[in-house]
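# Commentary on secondary and tertiary structure
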Amino acid sequence: MKRIRIFTSLILFVILLIFSSYTYFPQPSKVKVTHIGGNVEFTNKYNPNACMSIPAAYTGYDGKIEGQYRINGKTYGGQGLKERVSLHPQKGLIIGRDWMSGNGFQQHVLVKSGKVRHFKDKRRFGRRALCSDDSTPGSYLIIESTKRMTMNDFAIEVARYSKNAVNLDMGRWGYGWIKNKIHSPWAILFKNWQTNWIIIK
């Protein structure tokens, strides 16, 4: 009888230990969030002096930017996705059917007005998103996955931090930097293969 009590106590101890570990040592976050402020611009010109330079729209196999894009109030490219991503100097990230500023591009929308978009693609890749900073109007967040994820799972995670978010190119040459380009030598190496970026001068 004494052995049964000891065994039962041992089992309870192990259960409590597992529960406390889960409670006080939570799982690491699936995404990394970087506050980048405002003044984000879309460009098709590589800028080695930019404080931030990250690939934005997809680049097609023909070496051209996929979909429409807008620079200095002029629209380029052919019709791609239905929605447009406008980078407004005061309002920040705006997602809609029409251009709402003179600068922007087209991309897959992950979250719009707090509603998560769903995707059937089951492939797992490193992911990156441009998001509105809901705490500061006109400001942005960059959210990156810390492990390979489906776009659907990534959208769900991103929605925890922002009400509006769009996917960013993370293809073969989708390298960039935030604040310090020294930490991203691949972005410099592949600059001639990439066609467009979002930057902060």
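In what follows, the accompanying structure is described. Please read these numbers as outputs of a predicted model, since none were measured by experiment. (Residues numbered from 1 in each chain as written. Predicted model: local features only at pLDDT ≥ 70, side-chain atom pairs only at ≥ 80, totals over all residues. Heavy atoms only, no water.)

Looking now at the pattern of salt bridges. Here the structure, examined in full by the defined rule, presents six salt bridges. In this structure, Arg128 and Glu144 form a salt bridge, with 3.2 Å as the shortest nitrogen-oxygen distance. Taken together, the residues span a long stretch of sequence, with Arg128 in strand β11 (residues 128-132) and Glu144 in strand β12 (residues 140-145) at a distance of 16 residues. Here Arg128 matches Glu144 in class, with each residue buried. Connected through shared salt-bridge partners, Glu83, Lys112 and Arg117 make up one network. (Salt bridge = Lys/Arg side-chain N within 4 Å of Asp/Glu carboxyl O. Helix = DSSP H or I, 4+ residues; strand = E, 2+ residues; numbered from the N terminus. Buried < 20%, exposed > 50% of the residue type's maximum accessible area, 1.4 Å probe, protein only.)

To continue, consider the layout of surface pockets. In this model, the largest pocket occupies a volume close to 920 Å³. Contributing to the lining of the largest pocket are 29 residues, with Tyr58, Arg123, Asp169, Met170 and Gly171 lying nearest its centre. Tallied by class, the residues present in the lining of the largest pocket amount to nine nonpolar, twelve polar and eight charged. Estimates place the volume of the second largest pocket at around 340 Å³. Every element with two or more residues in the lining of the second largest pocket is listed here: β12 and β14 (177-178). Looking at the lining of the second largest pocket, its residues break down into five nonpolar, seven polar and four charged. (1 Å grid on protein atoms, 1.4 Å probe; cavity = no way out; pocket = protein on both sides within 12 Å on 5 of 7 lines; lining within 4 Å. Points joined across faces, edges and corners; volume = space filled by probe spheres on them. Nonpolar A, V, L, I, M, F, W, Y, C, P; charged D, E, K, R; others polar.)

One pass over the structure, following the stated rule, counts seven aromatic pairs. Seen from their ring centres, Phe42 and Tyr69 are 5.8 Å apart, and the 55° between their planes marks the pair as tilted. Of this pair, Phe42 sits in strand β2 (residues 41-43) while Tyr69 sits in strand β4 (residues 69-71); the two residues are 27 residues apart in sequence, bridging distant segments of the chain. Of the two residues examined, Phe42 and Tyr69, each falls in the buried class. Considering the side-chain rings of Tyr69 and Tyr76, the 5.4 Å spacing of their centres and the 20° angle between planes classify their relative orientation as stacked. For Tyr69, a relative accessible area of 12% gives the class buried. (Phe/Tyr/Trp six-rings, centres within 6.5 Å; stacked < 30°, edge-to-face > 60°.)

Once that is clear, we can look at unusual backbone geometry. Of note, Asn39 is a non-glycine position whose phi angle comes to about 60°, a positive value. Given a relative accessible area of 65%, Asn39 falls into the exposed group. Even without a glycine there, the phi angle at Ser113 is positive, about 55°. The residue Ser113 is located in the loop between β9 (109-112) and β10 (115-116) in this model. Since its relative accessible area comes to 58%, Ser113 is described here as exposed.

Another aspect to go through is the pairing of strand β6 (residues 84-88). Along β6, five of the five residues are buried, which leaves the element largely enclosed by surrounding structure. Judged by which residues are buried, β6 turns out to be covered on both faces: Arg84, Ser86 and His88 on one side and Val85 and Leu87 on the other are all buried. With five bridges connecting them, β6 and strand β7 (residues 92-96) associate as antiparallel partners. Each bridged residue has a counterpart across the sheet, and for Arg84 the counterpart in β7 is Gly96. Turn length for the β6-β7 hairpin, with the two strands adjacent in sequence and antiparallel, is three residues. For β6 and strand β8 (residues 104-105), the ladder comprises two bridges, and the chain directions are antiparallel. Counterpart to Ser86 in the pairing with β8 is Gly104. (Pairing = 2+ DSSP bridges.)

Any link to function would need more than the numbers given here.
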